[in-house]
Amino acid sequence: MAYFEKMRVSLSREEPGGLLQSGEHKESFRGRRDFLAAAFSQPRDFLTKYGDNRISFTPLEMPEKYGDYVAGFFKRQRPVTLHEENLKPYQADNYESALIVLSLEKSQVAWVQSNAKVGSAKPLLESFFEFLVKRTDVNDWQVFVRYMEKEDEYWSIISERRSEIAHIQFTFIPPNALGADDSIYELIKAIQSEA
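Note that the structure is predicted; figures quoted are calculated from it, not measured.

Calculation notes
By convention here, each chain's residues receive numbers from 1 onward along its written sequence. In keeping with the model being predicted, local features are shown solely for residues with a pLDDT of at least 70 and side-chain atom pairs are shown and tallied solely at 80 or more, while totals for entire chains, interfaces and linings include all residues. Hydrogens and waters are ignored; side-chain quantities use all the structure's heavy atoms. Only DSSP runs of H or I with at least four residues qualify as helices, and only runs of E with at least two residues qualify as strands; both kinds are numbered from the N terminus onward. The classification of residues rests on relative accessible area computed with a 1.4 Å probe and restricted to protein chains. Under 20% of the type maximum is buried, over 50% is exposed, and intermediate values are partly exposed. Between two residues, a contact is recorded if the distance between any of their heavy atoms is within 4.5 Å. A strand pair is defined by DSSP finding two or more bridges across the two strands. Here an angle of 0 to 180 degrees is reported between the N-to-C directions of two axes, which are lines fitted to C-alpha atoms, with helices fitted over the stretch in contact.

Undergrad: Summarise the environment of Glu5; cite the residues concerned and give the values.
TA: When you line up the elements, Glu5 lands in strand β1 (residues 4–12). With relative accessibility at 25%, the residue Glu5 sits in the partly exposed group. Other than its neighbours up to four places away in sequence, Glu5 contacts Ala110, Trp111, Val112, Ser114, Ala121 and Tyr147.

If you want it as structure tokens, here you go:
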């Protein structure tokens, strides 16, 4: 079974300076939804942050019944050694992949499949957006990728305020990796069957 990491993709823009505002300069740029749709609309090849791995992105066409989502696969070439009939070895093409599904709604939540052979989910997304902003015309927004839940944050606050805490209460919440979105679960099942 595939495991997914849930992240939030935040977009920000620098406001035009006083000189441009006084001259009533109108700056044209894509909206948030259009920016994300353009980012995931076509195949792209990029390098990871450290420049040591070449990753390819291949978009998936999303059926309208699943709502406002974009999806695709991050792929990394991982050739394997196979043998011909005469047992002579040769390198065969092979790819490891990680599925990404991103909501185009206001929350801009992304689910990225965990696959260590492709790369860690957060650096993978950061490298993808860094490539877009620096090397393509899809550069209207500055992109920040953050995990939705971070266990270390909880424990660091407890250790910082240890002297102030008199009582701790835990509430058990049953695990739900997809945030109770049945439509996303159906989407992932549909995508995996097509892949």
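Undergrad: I'd like a description of the sheet that holds strand β3 (residues 54–60), backed by residues and values.
TA: In a beta sheet, neighbouring strands pair by backbone hydrogen bonds and run either parallel or antiparallel. Taken in spatial order, the seven strands of this open sheet run β2-β3-β4-β7-β8-β1-β9, and their pairing is antiparallel. Two strands close off the open sheet at either side, each with one partner strand: β2 (44–47) and β9 (142–147). Neighbour-to-neighbour, the strand axes of the sheet open up by a mean angle of 30°, direction not taken into account. Looking at chain direction, β1 and β9 are connected through six bridges and run antiparallel. Looking at β9, one finds that Met7 is bridged to Tyr147. Of the strands in this sheet, β1, β2, β4 (69–77), β7 (95–103) and β9 are in contact with helix α2 (residues 32–39), which crosses β1 at around 125°. In this fold helix α3 (residues 121–135) packs onto β1, β2, β3, β4, β7, β8 (109–113) and β9, with an angle of close to 110° to the strand it touches most, β2.

Everything listed here is a matter of geometry and, on its own, says nothing about what the molecule does.
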